[in-house]
Each structure stands twice: as structure tokens, then as C-alpha cells.
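Working through the structure, step by step
The primary structure of each chain is shown beneath.
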Amino acid sequence: MSEQNLQGDPAARVIVAGASGFAGALAAQLVWDHPRLELAAVTSRSDAGRRLDQLYPRYSVSLPLTELDLEGLEEVDAAIVAYPHAASAPVVAEMRSLGIQVVDLSADFRLRDPDLYEEWYGPHGEPALLSDAVYGLPELYRDQLRDADLVANPGCYPTASLLALAPLAEAGLIADLTINAMQGISGAGRGGGDEMHYVTLSENAYAYKVDAHRHAPEIAQELEALTPGGIDYELTFVPHLIPLDQGELTTCFVTPTEEIGTNEIAALYEKRYADEPFVSLVEEPPGVRDVRDTNECHVHAVRNGKRIVAIAAIDNLWKGASGEAIQNLNLMLGLDETEGLR
């Protein structure tokens, strides 16, 4: 059995709950490789008893998956919870009652309005905790994350969309917005469904949930917060599945509120992202292979006729889920936010 190679005393002992799913398994590997975090336990109901590196041979985490037993764990400081929506909230509440800092990968704490959450996901199990959660996009909420005990990790589509659009939203430049987003099949999770079957997606691509996707209100919520005076336009968001295991490309079509040239757009983005460790402005439209297995987001924005086209590429399992969770956890623990990431 391999052991972690920590550098000195750990800053925190961390559990990953729901480590048998794609995002949970990667989160466990990132904690395992982190020089300052000790992986205390990995949990799973469906695969309890198996070692994580047996379930995912590409990962080196040799800990056995166990049933979650918070009272049986000693000196746990932090947790990454990779449970499905609705199942996460009660577990998070129990962890918080024990003083454990939590990064939650589900949607249970992303929407601040409980009525809006219920409209899209059903009744909320722990609505009293909604006001405690900080939205976990460091590029927008870095200062708040440093003081957070509960972080709502963003969805992958919102992460890419908001990073593509933040400079325009903050400048009040968005009069109309359409987002065309493409993602690999890992975004649906390990369970997936018939629509995720290899024979369905091989040499194929298609849009889904065109009438309404639950990441749309999350994107709108954050654009509302970013835009001076709020937004007065309707967002059109259309997701697509493409035959990749992981990766995400989001293309945003913006009608600007005023005339703005390509050079001005470039200057706006350069100023906004000059000091961001994981956002890179690229001269050509990015591809998902450029950011594979990294916490990077590559952004390209340019004028196209009367519209602005802003494109962002991320790895949906890294910057869109587990890598961002580690970035958030680093901030919560007072560590360099890039530690343990690439």
C-alpha cells in the first residue's frame, strides 16, 4: 500500500465523501497528491470494501472505500462532498455541526434563493444553511472564500460561462446573451444514463435539455451579481454532449450595450485576468485538449460583426469540479490557492 508524501505537518485532515464517482475519485487523488493535505478517508456506499486504486487503476489512492461514519472519524478538519443533489444537504449539515469545513460539489447550496432551488431541484433539505454558503468561483469570490466554512462548488457549465463573461458583465456590456456549451460524457457522472452509452455518442453530438437546463439559473444568478444594476435580458443557454470522456467548451454570443472594438475587448479581459493563476487569455480560440487534466481555463474574446464572441475551455472534472474544489479548499485553509494543482 502506497503512502502519501506530505511535506511537513498537514494543514488539514480531509475526507472525500462519495469518492467512487468521477469527481469524487479525482478529488481524492488530488488530496492524496497534495503536499499539505492528509487524506483521512474516502467513502462510498456502493463500493465500500474496495480500494480506490482498484476501482480506478489510473489513480494511486490505496485507501479502502468505507461507509461514511462521521462519529467514527478522528480529527477531521475538512471534507469534499461529492454526493448527488438533494442527498448532499443533510450530510453537509451534519459535517458543519461537527465543525468540519466543507466544499460541496452538488447544487444544493449554489442557488441563494430557496424558492428558486425548489423550482429546479425540489424541496431543500437544509435551507437554513443557504445563507452560510459562499459560491466557489475564486475568480469572483476569493476574499469571501478565505473566511468560508461552507463552499458551494459551481457547476461546470457555470464555471466556464462565467469566466468567459465576467469582464463584460462587470462593465455592464451585455444587452443580450446566448450560450452554446459542449461537454464530454463524464459531466453526467459515473451513473450516466442510456443517452451516455458509447454507441449513442460515438461519432455523434447533440443538444439536450434545450427548453430548460438547471445550470441556467445558476449562471443568471451570478451574472445578476456581477452586473451593475442587475441584468435586464433573458439568458438563452443550450448544452450539447460531444463524444469525449472529459472536457468542456463554452461559446457565448453577446450583443453589447454599446459600441466596443476588439482592442478594447482585449484590454478589458487583460486587466480583469492579469493576476489570475488559472485563467489564461489565448490569441486563438481554445480547444479542450489544451486544458486536459489541468485546473486551467483558457479564454478568447473577439468582436464578430455586431456581437462579441467569448469562448472558454476547461476540463469539466478539474476546473469544473474537483480541481476547483481543491483551489477553494486551499483558500479556506489559508494556503496558496495553486498548491497541489497544475
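Attention in this report is confined to the structure presented alongside it. (Residues numbered from 1 in each chain as written. Predicted model: local features only at pLDDT ≥ 70, side-chain atom pairs only at ≥ 80, totals over all residues. Heavy atoms only, no water.)

Let us look at the overall build of the protein chain. For the protein chain, the count of helices and strands is 10 helices and 14 strands. In summary, the protein chain has a C-alpha radius of gyration of 20 Å against a globular reference of 20 Å for 342 residues, a match within 12%. Across its three principal axes, the protein chain shows a C-alpha extent of roughly 60 × 45 × 40 Å. Residues classed as buried in the protein chain amount to 55% of the 342 residues present. Look at the contacts in the protein chain between residues 6 or more apart in sequence, and 70% of them connect residues 24 or more apart. Counting every atom, the protein chain has about 14,700 Å² of accessible surface; 46% of that belongs to carbon and sulfur. Side chains of the protein chain give 23 positive and 54 negative charges; the mean places of these two sets differ by 4 Å. (Helix = DSSP H or I, 4+ residues; strand = E, 2+ residues; numbered from the N terminus. Rg over C-alpha atoms; globule rule 2.2 N^0.38 Å. Buried < 20%, exposed > 50% of the residue type's maximum accessible area, 1.4 Å probe, protein only. Contact = heavy atoms within 4.5 Å. Areas by Shrake-Rupley, 256 points an atom, 1.4 Å probe, with all protein chains shown as cover. Lys, Arg positive; Asp, Glu negative; His and termini not counted. Charge placed at Lys NZ, Arg CZ, Asp CG, Glu CD.)

Summarising burial for strand S13 (residues 297–304): 6 of the 8 residues are buried, a large majority. Pairing of strand S12 (residues 279–281) with S13, which is carried by 3 bridges, proceeds in the parallel orientation. Along S13, the bridge assignment pairs Val279 with Cys297. (Pairing = 2+ DSSP bridges.)

Before going further, it helps to spend a moment on helix H4 (residues 114–121). With a side-chain oxygen lying 2.9 Å from the backbone nitrogen of Asp115, the N-terminal cap of H4 falls on Asp113. Two residues or fewer past H4, Gly122 is found with a positive phi of approximately 105 degrees. (Polar contact = N/O pair within 3.5 Å; in protein donor to acceptor, adjacent residues only side chain to side chain.)

Here we have 7 strands laid out as an open sheet, ordered S9-S10-S8-S11-S14-S13-S12, and mixed in their pairing. Only two strands of the sheet have a single partner each, and these edge strands are strand S9 (206–207) and S12. Pairing of S13 with strand S14 (residues 307–314), which is carried by 8 bridges, proceeds in the antiparallel orientation. Its bridge partner being in S14, Asn304 is matched across the sheet by Arg307. Along the sheet, helix H9 (residues 262–273) makes contact with S12, S13 and S14, crossing S13 at roughly 155 degrees. (Axes fitted to C-alpha atoms, helices over the stretch in contact; angles between N-to-C directions.)

A few words now on the sheet that holds strand S3 (residues 65–66). Spatially, the 7 strands line up as an open sheet ordered S3-S2-S1-S4-S5-S7-S6, and their pairing is parallel. Looking along the sheet, the strands with just one partner apiece sit at the ends: S3 and strand S6 (134–135). Alignment of strand S2 (residues 37–43) against S3, held across 2 bridges, turns out to be parallel. Bridging from a neighbouring strand, Thr43 pairs with Thr66 of S3. Running over the sheet, helix H1 (residues 22–33) touches strand S1 (12–17), S2 and strand S4 (78–81) and is turned about 150 degrees from S2.

Here the focus is unusual backbone geometry. Trans is the common state for peptide bonds, and a negative phi is the common state for residues other than glycine. For Ala86, which is not glycine, the phi dihedral falls at a positive 80 degrees. Here Ala86 lies in the loop between S4 and helix H3 (88–97). Positioned with a positive phi, Lys209 is a non-glycine residue whose angle comes to about 45 degrees. Judged by relative accessible area, Lys209 falls into the partly exposed class, the value being 44%.

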